[in-house]
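Per-entry structural report
Residue strings, one per chain:
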Amino acid sequence: MAVKKNVFSLLIVIVLIAGMFTAPAANAAGTASQPTHLASKAIFFAADGMRPDLMEKFAAQGDMPTYADLMANGVRGNNGMIQAFPPNTGVGWYTLTTGTYPGEHGSTNNTFFRTGESNFNNRTTLGASILQADTLHQAAERAGKKVASVEWVGARTHGLNGPVIDFRNFFSTRGVLTYPLNATEQAGAAAFGISYQVAAFAAAAGWSNTPASDPAAPPQQAQLTVATTFAAQNPTRVYDVYIYDSIVDGATAYDRLLLVRSGVAKDASLAAANLAAGDWADIRLVGADGLIGDRAGQTAGFYVKLVSLAGDLSTFKLYFTSVSRAIATCACDPNFESTLVDMFPTSTAADFAPLEAGIVDEETYVEQGLKWADFHFPALQYILTVVQPDTDLLFLGNPVTDEFSHQFLALTGPTSVNGVPNPYFDPNKLSRYEGFILEAYAEADETLALGRELMGSDATVFASSDHGFAVQWLAVNAPRVLFDSGLQNTGGATPTEQISNCRAGTGAGAINLAKACWAGATAQIYVNTTLPAGTTYSQVRAAVVAAFQNLSDPANPGGKVVSRIMLKEELRNVDGSDSLHPNRSGDVVVVLEPPYQFDAATPGQTIAFSQFFGQHGYLPDLVDLANNVNMHATFVAAGPGIRKQGSVSGVRAVDLAPTLAFLMGIPGPQNARGKILYNLTTGQGKYKELTILQISDYHGQLVPLSEAADTLGPTFAIGGSAFLKPWFDTYRAE
């Protein structure tokens with residue numbers, strides 16, 4: 001019989017029999033023990049932001065054959081599964097891998113404040129080592145399983161022994177070299193901090209080894225500067241640009257561009273790129289031309305695309321991406337990252353800023369996003385065939401579904417929740433934008449297909465996502481709401497709102513009674529722990545609540561902007577998610593209603609166009625398919641140990657890690673709060689759960705009587721029998 005340890009059930013029996021106990025045992029899957037396993041190998045896949053309804057639609061059309069096969073031979077969630085709150089990247093991925101909620105794993109949003117920080121201006125963001133809970137990655141390695149992780153968000157912070165690829169480092173700006181000057185584009189670039197360079201064409205001079213060109217079109221030259229953003233490790237780079245007419249026919253028709261590093265004295269035979277309009281090139285920075293300082297000699301790279309080149313040179317645009325380098329680790333090889341970077345194309349992904357700034361077209365954005373596969377597909381194959389061919393558990397992710405949904409989702413439908421009309425929808429362009437989103441879903445399908453091919457047909461697959469998506473096109477300026485209510489300003493001679501996310505005003509005389517930390521449709525408002533004499537926490541919090549309760553949109557009279565306002569203590573159950581963290585949750589949490597959200601707000605305006613068209617971070621159970629809104633995440637499972645059946649209801653993100661651990665016969669993450677979904681397995685009905693509670697020295701109180709919830713910040717009372725009641729209720733409900 002399989003045994004699953006849980007906490008707190010059978011309390012009275014154990015109290016009467018034992019009399020002496022230890023602190024609450026690890027949860028459900030944390031100490032589960034199975035005499036056999038139902039799956040010897042597994043893939044835990046997540047496509048960022050994949051919606052279950054769109055996945056099923058595309059699979060039915062034949063565009064996602066991998067998912068179609070999984071659903072035909074396994075099981076899927078009824079409209080996927082429900083994620084934790086807020087359903088954003090920083091919450092969703094960590095909930096999947098820990099099997100517990102933000103209140104325990106500690107990632108309460110993509111950006112948050114830790115009460116107890118010495119400076120109210122401090123913030124914590126996604127990518128830092130913020131987890132306070134054990135992960136399935138770590139549990140599997142402890143159990144002797146060989147783990148690999150490719151583009152699973154946050155995996156690089158888990159201290160794994162197996163091979164890990166997780167995002168990339170950036171070393172330069174990105175932008176365009178263009179002609180002629182476009183003032184609107186220039187302003188857009190400035191708003192996003194992107195390079196906007198206007199080409200100063202001149203007759204080409206001092207070049208050698210140039211290709212043949214038409215005398216009717218004398219070659220022209222200019223210069224491109226790729227400015228560093230990290231001078232200690234990457235120099236500012238300058239490239240000479242050579243534009244010529246490659247067809248000798250007596251007609252002026254410039255059609256090609258050479259890009260040559262300035263250090264090679266305009267030797268065209270050493271060109272880093274030779275482009276026609278529409279072409280991309282991967283500019284590899286190696287050896288002496290590589291990174292510098294602590295990274296001296298390390299390889300990096302960036303991409304260029306000749307977006308446009310008029311035959312008479314009246315218009316021209318060359319786009320360049322940031323210099324970047326993949327982040328990778330493996331205990332097997334201290335030079336693992338360099339091995340991958342040296343072998344494969346430069347790691348890149350979609351970049352929203354150039355598109356939203358208006359300096360590149362949508363096709364360029366999409367093409368760059370799909371280039372994510374150029375590095376990650378061969379790297380995945382190398383890991384699973386050379387580095388660790390005996391991998392037992394593969395964690396695999398794909399970001400493109402999220403990226404394209406952000407940019408294009410609302411352009412595929414005429415309305416949002418409550419039938420709010422979408423002024424940006426153009427039915428004549430519907431197929432175009434649906435096509436972009438389909439391309440992202442198809443690449444996610446291809447990613448999983450490659451993982452299955454490399455892991456073998458005997459690998460059990462869990463295919464999931466970190467959140468769903470909703471249409472949106474309006475940005476609410478949370479700091480402006482605080483500013484208008486007298487709760488925060490920048491200080492200085494002309495105070496205004498603090499536009500930076502999760503920051504305090506730092507100018508002379510700044511007001512910082514509260515500040516906003518936001519991602520997607522959720523903002524956490526933190527009350528300053530150091531308030532002026534005579535001002536109380538309760539007063540500030542009440543003022544925050546009133547400010548957002550009164551928020552309205554003059555352009556949508558009577559429309560609903562705010563979906564829910566919650567006090568910190570109300571976060572214990574948000575659509576089933578325990579999102580109350582003692583010192584990382586906001587004192588007030590505000591959730592908006594589509595088509596409103598908080599990112600990309602316009603300074604000085606409370607509500608304005610957001611510059612993009614899809615968002616997450618709404619309430620986890622928000623579903624309105626008729627209006628293109630579904631915050632549910634995807635869930636499909638198939639393979640050994642999974643029982644073929646129709647859709648099942650009630651799947652939660654916290655249940656996946658414990659269930660996959662059970663299938664593999666290993667103890668699950670020690671903090672997991674989810675339950676094992678026996679109904680999905682071929683072992684249904686063969687197992688009984690035995691719940692065991694252990695409490696030590698029980699005499700009406702618990703020791704210790706207080707505890708900190710973080711490495712900094714206040715301590716909280718935890719002693720006394722009454723403290724146990726909510727835990728009793730939680731585990732009885734399971």
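Residues numbered from 1 in each chain as written. Predicted model: local features only at pLDDT ≥ 70, side-chain atom pairs only at ≥ 80, totals over all residues. Heavy atoms only, no water.

Time to look at the environment of Asp-342. Among the structural elements, Asp-342 can be located in helix α8 (residues 336-343). Taking the C-alpha atoms as reference points, Asp-342 and Thr-173, separated by 169 residues in sequence, lie 22 Å from one another. The residues touching Asp-342, leaving out its near neighbours within four places in the chain, are Arg-284 and Thr-299. At a separation of 2.7 Å, a polar atom in the side chain of Asp-342 contacts the side chain of Thr-299. (Helix = DSSP H or I, 4+ residues; strand = E, 2+ residues; numbered from the N terminus. Contact = heavy atoms within 4.5 Å. Polar contact = N/O pair within 3.5 Å; in protein donor to acceptor, adjacent residues only side chain to side chain.)

We now examine the pattern of salt bridges. Side chains carrying opposite charge are able to pair once their charged atoms draw close together. By the definition in use, this model includes 28 salt bridges. The salt bridge involving Asp-69 is made with Arg-452; its shortest N-O contact spans 3.1 Å. Pair noted here: Asp-69 is in helix α3 (residues 65-73) and Arg-452 is in helix α13 (residues 430-455), with a separation of 383 residues, a long-range link. Judged by relative accessible area, which is 32%, Asp-69 ranks as partly exposed. The closest approach of N and O atoms between Asp-166 and Arg-156, which form a salt bridge, is 3.2 Å. One end of the pair, Asp-166, is in strand β6 (residues 164-170); the other, Arg-156, is in the loop between β5 (147-150) and β6, and 10 residues separate them in sequence. Looking at Asp-166, the relative accessible area reads 4%, which means it is buried. The exposure class assigned to Arg-156 is partly exposed, which follows from its relative accessible area of 32%. (Salt bridge = Lys/Arg side-chain N within 4 Å of Asp/Glu carboxyl O. Buried < 20%, exposed > 50% of the residue type's maximum accessible area, 1.4 Å probe, protein only.)

Moving on, we come to the confidence of the model for the protein chain. When the pLDDT values of the protein chain are averaged, the result is 92; 92% of them are 70 or greater. Considering only residues more than four positions removed or in separate chains, one finds that residues 1-35, a stretch of pLDDT under 50, has 104 contacts. (pLDDT = per-residue confidence, 0-100.)

One can describe the packing of α8 onto helix α11 (residues 372-387) by two numbers: an axis separation of 10 Å at closest approach and a directional angle of 125°. When the axes of α8 and α11 are compared, the pair comes out oblique. In this structure, α8 meets α11 at a crossing whose hand is right-handed. Here Phe-336, Thr-339, Leu-340 and Met-343 of α8 lie close against α11, whose contacting residues are Phe-375, Ala-379, Tyr-382, Ile-383 and Val-387. Along the lines of polarity and charge, the residues of the contact of α8 with α11 split into eight nonpolar, one polar and no charged. (Axes fitted to C-alpha atoms, helices over the stretch in contact; angles between N-to-C directions. Parallel < 35°, antiparallel > 145°, perpendicular 65-115°, else oblique. Left-handed = near helix turned anticlockwise from the far one by under 90°. Nonpolar A, V, L, I, M, F, W, Y, C, P; charged D, E, K, R; others polar.)

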